[in-house]
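Here's the letter readout for the chains.
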Amino acid sequence: MLNSIATVSISGNLPVKLEAIAKAGFQGIEIFEQDFIASDLSPADVGRMVRDHGLTITLFQPFRDFEGLPEPYRARAFARAARKFDLMNQLGTDLMLVCSSVHPAAMGGIDRMAQDFYELGELAARFGVRAGFEALAWGRHINDHRDAWEVVRRADHPRIGLILDSFHTLGRGISPDSIRAIPGDRIFFVQLADAPAIPMDLLYWSRHFRNMPGEGDLDVTGFMRAVLSTGYSGPLSLEIFNDQFRAGLPRLVALDGHRSLIDLQDRVRRAEPALTVDLPHFPAPAPVQGVEFLEIATSEAEQPAIAAFLAAAGFAPVARHVSKPVTRWSQGAVNILVNTAVTGFAHTAYVTHGTTVSEVALKVPDAAAAAERAQALLIPAHQSHISEGELAIPAVRGHGGSLLRFVDGGEMLGRLWDVDFRPLPDAGKAGAGKADAAAGAGLTRIDHIAQTMAHDEMLSWSLFYHALFDARRSPMVDVADPDGLVKSQAVETGALRITLNGSEARHTLAGRFVKESFGSSVQHIAFATDDIFATAASLSARGFPILQIGANYYADVEARFGLDPALVARMKAANVLYDEDAGGSFFQLYSQTRPEGLFFEFVQRGGNYAGYGAPNAPFRISAQKRALRPAGMPQAE
Ligand SMILES: O=C(O)c1ccc(O)c(O)c1
Ligand SMILES: [Mg+2]
């Protein structure tokens, strides 16, 4: 099976698109007619350029408004088809997509349309080409692949076949199982696209919101399984109309496309092992068991402030790296490494972003398997310099260029802290006298990590986690910052919870963070506690910069949830926020933002509360922005 992508799916002019598509590892392209017409290259030159990139033209499309026309339109449609078949000969492709008609004069009648296609087949034979019929979800008479198939079946011509497009089938809610009865050799071509579940006009949805399989909410895997069960073995081609991708970086969009096709085929074979897919073997996704450590890259000059912040949050320095200026701070099951190296990856991250989370290390069942899966998904590996006797911890490039490491409980990696670190002589005594250092502030583990990015990177990172770990996504939510909207989406796999946050508005807290840290990065880390009030008291005793929440919030939250006024009084005194869902309750407490924009959150989940306190986010953001301004300053910047 050849993997292919339509030129409409990415930005740039035709040569730029071809280059990006070839570099991303595709074998074929669909030439969208507009892209060809807009270029001033001759058809033969385009064909040559495509082949020089090692690509083949899998499809020429679209040919519109063909079937069911009365004269004189009908004769004109055939004359037009002859011209396009001739063009296809010059381009060097043998398949044209005919999408179902939206012509106002088009008439219905399966047999009339079948007759038109039979005659088109005869014409195609004279040019040595073929044509495939695709049901557009908004076609005038044909808008369902089952009807398109009936037309093709009745046309009964070897040069006329069916073209399936996952969007048109799934977008209309048609079960893909209806595909299983179609003979695979009558399916000439398969186009793949996903889309977010947003109710809207089908045409508008299709032309602006399609995304890569695995980035949306449609059951593209179910569709693919049905297609492959027919014995179809032709191209698998992405046809993604998406406003962001049209403006995105061609290389990155094409690479995401290839990743999505690999992940899709991997899902198909895991769901239905009897189906053959064109993929080498690689490990299945495994759920993440936890965050083993986070590393903050900083400088010697800024290190004392970070150390003070961590100490005030109840962390204690417990160990030092054997060869690098890296300190391990611990509390509960949380490990935070502070790296002040002036060489190597952490330093590059610091120079690029300022003080930043440069690494996230995930505990997985098998680190080597996770790295192998990443490689199969075209996620670049990272080789760090390690000294004699130290562990090589597998790493890949993750969000914002940071490193994502994989550690497991095996022979070597299971001894990470013993091999690479030496305990500090006074470990455990740090902060003694202020509060109980051993217990810290009651933080037990990392609840979630919030990664902030440009809005148009969100789909890409959502695909990354979905493909690598089979992560589940919750619906995207809008968070109102006083200066614009921020989109937020949670991805979860096993014990790993990540929120992806993106904003197009430059003055939102998220937008400013991306600008000021020169690219996307971890913006906040949320720690779990079993007792939010004890944590609040401990933080307060340590002089931690707790975010102050206004009185209006508490009056509202008491009324909204019918909370006990005594509880609300405690929350107010401790600046604790509250939310609940059908599963349980949620308490949160925030820090003010640090100079580089990083902040901490402390949460207590009750029952099976599944969210992240999104309803509180606007109030938290406003409070953080207030805390950033000297008292008495007006709201506007
Ligand atoms: O939006 C369209 O018109 C259009 C054209 C060709 C296709 O293959 C398709 O899926 C949609
Ligand atoms: Mg299509």
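Residues numbered from 1 in each chain as written. Chains lettered and ligands numbered in written order. Predicted model: local features only at pLDDT ≥ 70, side-chain atom pairs only at ≥ 80, totals over all residues. Heavy atoms only, no water.

In the nomenclature of an unreviewed UniProt entry, the chain corresponds to 3-dehydroshikimate dehydratase from the organism Pannonibacter anstelovis. Quoted straight from UniProt, the Pathway (unreviewed entry) entry for the chain says "Aromatic compound metabolism; 3,4-dihydroxybenzoate biosynthesis." On record in UniProt, under Cofactor (unreviewed entry), the comment for the chain is "a divalent metal cation". (UniProt positions renumbered as here; feature names shortened; annotations may be inferred.)

Some remarks on empty space enclosed by the protein
Applying the stated rule across the entire model yields two cavities of 30 Å³ or more. Within this model, the largest cavity holds a volume of roughly 120 Å³. Lining the largest cavity are 16 residues, and of these Arg 64, Glu 134, Leu 136, Glu 239 and Phe 241 sit closest to its centre. Contributions of two or more residues to the lining of the largest cavity are made by β3 (56–63), β4 (95–99) and α8 (202–208). Class assignment of the residues belonging to the lining of the largest cavity gives a composition of seven nonpolar, three polar and six charged. Of the volumes computed, that of the second largest cavity is approximately 40 Å³. (1 Å grid on protein atoms, 1.4 Å probe; cavity = no way out; pocket = protein on both sides within 12 Å on 5 of 7 lines; lining within 4 Å. Points joined across faces, edges and corners; volume = space filled by probe spheres on them. Helix = DSSP H or I, 4+ residues; strand = E, 2+ residues; numbered from the N terminus. Nonpolar A, V, L, I, M, F, W, Y, C, P; charged D, E, K, R; others polar.)

Points about the coordination of the magnesium ion (ligand 2)
For a metal bound by four donors in tetrahedral geometry, the ideal donor-metal-donor angle is 109.5 degrees, whereas six donors in octahedral geometry ideally sit at 90 or 180 degrees. Bound to the magnesium ion (ligand 2) are the protein donor atoms Glu 134 (OE), Asp 165 (OD), Gln 191 (OE1) and Glu 239 (OE), situated 2.0 to 2.2 Å from the metal. In this structure, the magnesium ion (ligand 2) is surrounded by six donor atoms whose angles at the metal cover 76 to 176°, and the resulting shape is octahedral. Here the donor residues of the magnesium ion (ligand 2) share one chain and are spaced in sequence as E-x30-D-x25-Q-x47-E. Taken together, the residues span a long stretch of sequence, with Asp 165 in strand β6 (residues 160–165) and Glu 239 in the loop between β8 (236–238) and α10 (243–247) at a distance of 74 residues. Residue class for Asp 165 comes out buried when judged on its relative accessible area of 2%. (Donors = N, O, S within 2.8 Å, 3.2 Å for Na, K, Ca; no water. Tetrahedral: all angles 85-135°; square planar, octahedral: opposite > 155°, others 65-115°. Buried < 20%, exposed > 50% of the residue type's maximum accessible area, 1.4 Å probe, protein only.)

Thoughts on the packing of helix α11 (residues 250–271) against helix α16 (residues 458–469)
Between α11 and α16, whose axes approach to 10 Å, the crossing angle comes to 30°. It follows that α11 is roughly parallel to α16 by the angle criterion. Taken as a pair, α11 and α16 cross one another with a handedness that is left-handed. Of the residues in α16, those touching α11 at Asp 256, Arg 259, Ser 260, Asp 263 and Arg 267 are Ser 460, Leu 463, Phe 464, His 466 and Ala 467. (Axes fitted to C-alpha atoms, helices over the stretch in contact; angles between N-to-C directions. Parallel < 35°, antiparallel > 145°, perpendicular 65-115°, else oblique. Left-handed = near helix turned anticlockwise from the far one by under 90°. Contact = heavy atoms within 4.5 Å.)

Regarding the UniProt feature "domain: VOC" (unreviewed entry) in the chain
Under the present numbering, the feature "domain: VOC" (unreviewed entry) in UniProt falls on residues 290–409 and 445–592. Helix makes up 25% of residues 290–409 and strand 37%, with an end-to-end C-alpha separation of 12 Å. Segment residues 445–592 splits into 34% helix and 38% strand. End C-alpha atoms: 20 Å apart.

Overview of the site of ligand 1
Around ligand 1 there are 14 residues in total, and Arg 64, Glu 134, His 168, Arg 207 and Glu 239 lie nearest to it. The side chain of His 168 places a nitrogen or oxygen atom 2.7 Å from an oxygen atom of ligand 1. Note that an oxygen atom of ligand 1 is positioned 3.2 Å from one of the side-chain N or O atoms of Gln 191. Alone, ligand 1 offers 290 Å² of accessible surface; in the complex the protein occludes 100% of this. (Near = heavy atom within 4 Å. Polar contact = N/O pair within 3.5 Å; in protein donor to acceptor, adjacent residues only side chain to side chain. Areas by Shrake-Rupley, 256 points an atom, 1.4 Å probe, with all protein chains shown as cover.)

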